[in-house]
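# Examining the three-dimensional arrangement
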Amino acid sequence: MFDRLSRLSRSHGALQMGKGLVAGVVALMLAVLCLLGVLAFHFPQYLTTPELRQSYDVETMRQLLFWCMVISGGLSLSLIVLGRMRWIASWAFALVTLTAFLGGHKVEIASELPSHVPYIGLDWFILDLLGSSLIFIFIEKLFALRKEQPVFRAEWQTDFQYFVINHLIVGFILLATNLIVHKFFGWAANDGIRGWVAGLNFWVALFLIILVADLVQYWTHRAYHEIPMLWRIHAVHHSVKSMDWLAGSRQHILELLITRTLVLAPIYILGFAKEVIDAYIIIVGFQAVFNHANVSVRLGPLRYLIVTPNFHHWHHSQDQEALDKNYAAHYAFLDYLFGTAVKSDKLWPKDYGVLGDYVPNGFFKQLKFPFSSESEPPQDLSHK
């Protein structure tokens with residue numbers, strides 16, 4: 001069984017419907033989330049995000065855990081009875097049983113928890129995975145760009161591994177970026193400017209925070225493409241060959257640290273109000289997923305103002321007219337302003353990925369890719 005699970009985690013082909021494997025994978029994923037959920041109930045001070053656990057209702061989380069156990073247990077038991085993919089169904093059923101043995105959704109939680117201890121954001125990972133998959137898979141099926149593309153498309157395992165790891169280290173990323181910003185940019189903070197910005201009208205401040213962040217992201221993103229050393233890191237993100245809600249998760253940890261630090265710096269220096277920052281985080285989270293999604297959305301003339309899936313899909317294209325174009329993350333007009341917007345007679349790009357396809361598959365291979373000899377692009381090819 002371990003060998004089969006290992007092969008499944010490394011496989012880069014799409015999962016085909018009708019064989020029980022898709023149902024088995026769903027059951028196993030839910031079973032793993034159930035086990036992680038009960039562990040988070042047992043050790044919330046170390047396995048949950050302090051800011052997040054203040055915002056959700058514990059009883060709702062208990063019901064969520066209960067129904068995930070029911071669905072996973074039901075799916076896995078059905079597969080076992082029907083004799084389909086029993087090996088993966090057995091794993092799922094065993095994990096659900098272990099979750100129930102550990103107390104399931106009935107585990108008691110202390111009323112007061114310390115907030116200044118090192119933590120792993122299991123709750124953020126679980127809630128984001130369940131929420132994002134339910135919302136964006138539904139949207140992708142409703143407005144599919146490539147209708148033939150399955151949910152578990154080729155290389156989904158690699159992107160799922162990025163999703164898992166980048167979420168679990170969110171505490172480290174936040175700690176590291178905050179330390180760097182305060183150490184290297186704290187001198188630039190001015191109380192007068194911060195007070196003026198904090199007093200701005202909410203909608204004016206929201207427009208401004210997105211503009212400031214996107215200006216930083218635009219030039220940072222452009223540098224990733226134009227400076228060879230940085231491109232080696234960013235090429236990992238571009239190596240995805242199928243666009244969907246999970247594709248944006250493929251991001252090297254160094255890129256996460258660099259980009260988030262540079263974007264957080266002006267936000268900290270200018271001193272935006274907390275409610276404005278919270279709204280910005282929601283918008284960033286949605287656009288980061290939606291703009292990679294397999295959806296046929298262009299938004300008419302609005303696509304010249306804001307970044308849409310159509311706009312960002314072109315950025316990931318191997319088509320010659322799209323190389324090193326469409327850098328903005330939120331405001332598309334920045335690319336038109338700086339002369340880097342894609343100009344094409346086609347509505348959508350044909351192929352995605354790095355030109356030359358020289359980035360290896362697999363999370364760990366891509367983790368070391370920027371530091372290996374393989375990171376040099378083939379001769380006579382643009383780095384994109």
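Note that the structure is a prediction, hence the values are computed from the model and not measured. The written sequence of each chain sets the order in which its residues are numbered from 1. Only residues with pLDDT of at least 70 are given local features in this predicted model, and only at 80 or more are side-chain atom pairs given and counted; all residues enter the totals for whole chains, interfaces and linings. Computation of side-chain values: all heavy atoms of the structure, hydrogens and water removed.

## Remarks on unusual backbone geometry
Put simply, the rule is: Helix numbers and strand numbers start at the N terminus; a helix is a DSSP run of H or I with at least 4 residues, a strand a run of E with at least 2.
Located in the positive-phi region is Asp324, a residue other than glycine, with phi close to 60°. Tracing the sequence through the fold places Asp324 in the loop between α15 (309-315) and α16 (333-338). Positive phi, close to 55°, is recorded for Asn326, a residue that is not glycine.

## Concerning the nonpolar core
For clarity, the threshold we go by: In these notes, a set of buried Ala, Val, Leu, Ile, Met, Phe, Trp, Tyr and Cys residues joined through side-chain atoms within 4.5 Å is what counts as a nonpolar core. Buried, partly exposed and exposed residues are distinguished by accessible area as a fraction of the type maximum, computed with a 1.4 Å probe on protein chains only: under 20%, between the cut-offs, and over 50%, respectively. Contacts were defined at the residue level, with two residues in contact if any of their heavy atoms lie within 4.5 Å.
Core analysis: the biggest nonpolar cluster contains 47 residues, and Leu15, Val25, Ile88, Phe125, Leu129 and Trp245 have the highest contact counts within it. Looking at this core, the elements with two or more residues in it are α2 (21-42), α5 (58-82), α6 (86-101), α7 (122-142), α8 (156-168) and α14 (274-290). Among the elements that take part in this core, α2 stands out by supplying 14 residues, more than any other. Residues within four places of Ile88 in sequence aside, it is in contact with Leu8, Leu21, Gly24, Val25 and Leu28.

## Quick word on the side chain of His237
Put simply, the rule reads: Contacts described as polar in this section are N or O atom pairs within 3.5 Å, which, within protein, must combine one atom able to donate a hydrogen with one able to accept it, while residues neighboring in sequence count only if both atoms come from side chains.
Along the chain, His237 falls in helix α12 (residues 228-238). In this structure the side chain of His237 is engaged in a polar contact, spanning 2.7 Å, whose partner is the backbone oxygen of Arg250. For His237, the contacting residues outside a window of four places in its chain are Ala247, Gly248, Arg250, Glu255, His292, His312 and His316.

## Observations concerning helix α11 (residues 202-226)
As a reminder of what qualifies: One less than the residue count of a helix, multiplied by 1.5 Å, gives the span that helix is expected to have.
Along its 25 residues, α11 runs 36 Å from first to last C-alpha, staying within 8% of the 36 Å computed at 1.5 Å per residue. Between a side-chain oxygen at the N-terminus of α11 and the backbone nitrogen of Trp203 the separation is 2.9 Å; the capping residue is Asn201.

## Some details on the side chain of Asn291
Mapping Asn291 onto the fold places it in the loop between α14 and α15. Apart from residues no more than four positions distant in its own chain, Asn291 is found in contact with Met243, Val307, Thr308, Pro309, His312, His313 and Ala329.

## Re the pattern of salt bridges
Pairing is possible between side chains that carry opposite charge, provided their charged atoms lie close to one another. As a reminder of what qualifies: A pair is scored as a salt bridge if a Lys or Arg side-chain nitrogen falls within 4 Å of a carboxyl oxygen belonging to Asp or Glu.
With the rule as written, the count across this model stands at 11 salt bridges. Salt-bridge contacts for Arg153 lead to Asp159; the nearest nitrogen and oxygen are separated by 2.8 Å. Classification of Asp159 by relative accessible area gives buried; the value is 0%. Notably, a salt bridge pairs Asp357 with Lys241, separated by 3.3 Å at the nearest N-O pair. Of this pair, Asp357 sits in the loop between α16 and α17 (363-368) while Lys241 is found in the loop between α12 and α13 (253-270), placing the two residues 116 residues apart along the sequence.

## Considerations on the state of the cysteines
Condition: A pair of cysteine sulfur atoms is labelled a disulfide when the two atoms are within 2.5 Å.
For the structure shown, the criterion picks out 0 disulfides. Unpaired in this structure, Cys34 has its nearest cysteine sulfur neighbour in Cys68, at a distance of 5.0 Å. Taking the relative accessible area as the measure of exposure, Cys34 reaches 0% and is therefore buried.

## Here's the deal with the packing of aromatic side chains
The following threshold applies: Only the six-membered ring of Trp is used, alongside the rings of Phe and Tyr, when aromatic pairs are assigned; centres must lie within 6.5 Å, and planes under 30 degrees apart are stacked while those over 60 apart are edge-to-face, with the rest tilted. By definition, being over a ring means that NZ of Lys or CZ of Arg is both within 6 Å of the ring centre and within 35 degrees of the ring normal.
The tally for this structure, following the rule as stated, stands at 18 aromatic pairs. When the centroid spacing of 6.4 Å and the interplanar angle of 55° are considered together, the rings of Trp156 and Phe160 count as tilted. Taken together, the residues Trp156 and Phe160, both in helix α8 and 4 residues apart, mark about one turn of the helix. The interplanar angle of 85° and the centroid separation of 5.0 Å between the aromatic rings of Phe202 and Trp203 together place this pair among those described as edge-to-face. When its relative accessible area of 29% is taken as the criterion, Phe202 is described as partly exposed. Judged by its relative accessible area of 61%, Trp203 falls in the exposed class. Chaining the aromatic ring pairs together yields one cluster made of Tyr218, Trp219, Tyr327 and Phe338. When the ring centre of Phe41 is taken as reference, the NZ or CZ atom of Arg62 above it lies at 5.1 Å. The positively charged end of Arg194 is found above the aromatic ring belonging to Tyr268, 5.1 Å away from the centroid.

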